[in-house]
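Reading the structure
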Amino acid sequence: VQIDDCIIFKNNTQVKENCIFINSKASKKKIIDNKYINTSIQFNDIHVNGQIGIQNCKFERGIQIKKSAVHQLNFNHLRLSFGSINIEGSTINDQFVFENNTIGQGLKFEECVVKPRIRLDDSKLSSYSFIKTTFEQDLRIWAGEVRDIIFNYGEYKDDVTIEAVKCSNNISVIGAHF
């Protein structure tokens, strides 16, 4: 699938089954704004030179980004009732914004390359998991509530800062290089 401009989910959009993008290319942006979707959203093997933005949305299930390359990825004021955000085998090139979200489960990076500075701000979720992922710039977790923070076998080439976060269970570090 070749997407030359963008995909926008407007008010009162209802998706009855999974919303899946596979082997797609987009030159500008995908924005999902102010929606309630009772399913999962999957981006699999996509290349976005612009932005995937998900803001002011309520989803029942999760979001998966797998084997993809994205310039900008933004999650703002997102509510996931039961699901998680899983980013696997992907590259984020320019920007990652994650702020004021409530996620039923967690945010997981697995086997990714994250090139920009990361700010995980004022969110409530079960866990932050960073597994076999390379962060080329600093990673900052600020404010919010989380049950677990997991650093497993990743590489952190700049500072990692955790400030003003209520962590109710564990911070786990196994095989990570700081």
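Residues numbered from 1 in each chain as written. Predicted model: local features only at pLDDT ≥ 70, side-chain atom pairs only at ≥ 80, totals over all residues. Heavy atoms only, no water.

Below, the discussion takes up the nonpolar core. Among the nonpolar cores identified, the biggest contains 39 residues, and F96 and F130 are the most heavily contacted of them. In this structure, F96 is in contact with L73, N74, F75, I87, L107, F109, P116, R117, I118, R119 and L120, ignoring residues within four places of it in sequence. (Core = buried A, V, L, I, M, F, W, Y, C linked by side-chain atoms within 4.5 Å. Buried < 20%, exposed > 50% of the residue type's maximum accessible area, 1.4 Å probe, protein only. Contact = heavy atoms within 4.5 Å.)

It is worth spelling out the pairing of strand β17 (residues 118-131) at this point. Both faces of the sheet carry side chains from a regular strand, because those side chains alternate between them. Across the 14 residues of β17, 10 count as buried, placing the element largely inside the fold. As defined by bridge partners, strand β15 (residues 102-110) adjoins β17 across 7 bridges and the pair is classed as parallel. In the strand pairing of β17, F109 is matched with F130. In this sheet, strand β19 (residues 139-152) lies alongside β17 in parallel orientation, the contact comprising 12 bridges. If you follow Y128 over to β19, its bridge partner there is I149. (Helix = DSSP H or I, 4+ residues; strand = E, 2+ residues; numbered from the N terminus. Pairing = 2+ DSSP bridges.)

A word on a nonpolar patch on the surface. A surface patch of nonpolar side chains, about 380 Å² in accessible area, is lined by I162, I171, V173 and F178. Positionally, F178 belongs in the segment after β22 (166-174). We classify F178 as exposed; its relative accessible area is 56%. (Patch = residues over 30% accessible without salt bridge, like charges linked within 9 Å, V, L, I, M, F, W, Y side chains within 5 Å. Areas by Shrake-Rupley, 256 points an atom, 1.4 Å probe, with all protein chains shown as cover. Salt bridge = Lys/Arg side-chain N within 4 Å of Asp/Glu carboxyl O.)

A separate point is unusual backbone geometry. Its identity is not glycine, yet E111 carries a phi of approximately 55°, on the positive side. What makes E111 partly exposed here is its relative accessible area of 47%. Unusually for a residue other than glycine, K132 sits at a positive phi of about 50°. Mapped onto the secondary structure, K132 falls in the loop between β17 and β18 (134-135).

With that settled, the discussion passes to the pattern of salt bridges. As a working rule, side chains carrying opposite charge can pair if their charged atoms are close by. With the rule as written, the count across this model stands at 5 salt bridges. In this structure, R119 and D138 form a salt bridge, with 2.9 Å as the shortest nitrogen-oxygen distance. Here R119 is found in strand β17, whereas its partner D138 is found in the loop between β18 and β19, with 19 residues between them in sequence. A relative accessible area of 13% places D138 in the buried class. Among the ionic pairs, D148 bridges to R147, the shortest N-O distance being 3.0 Å. Take D148: its relative accessible area is 11%, and that puts it in the buried class.

Read these as layout, nothing more, since geometry by itself doesn't imply function.
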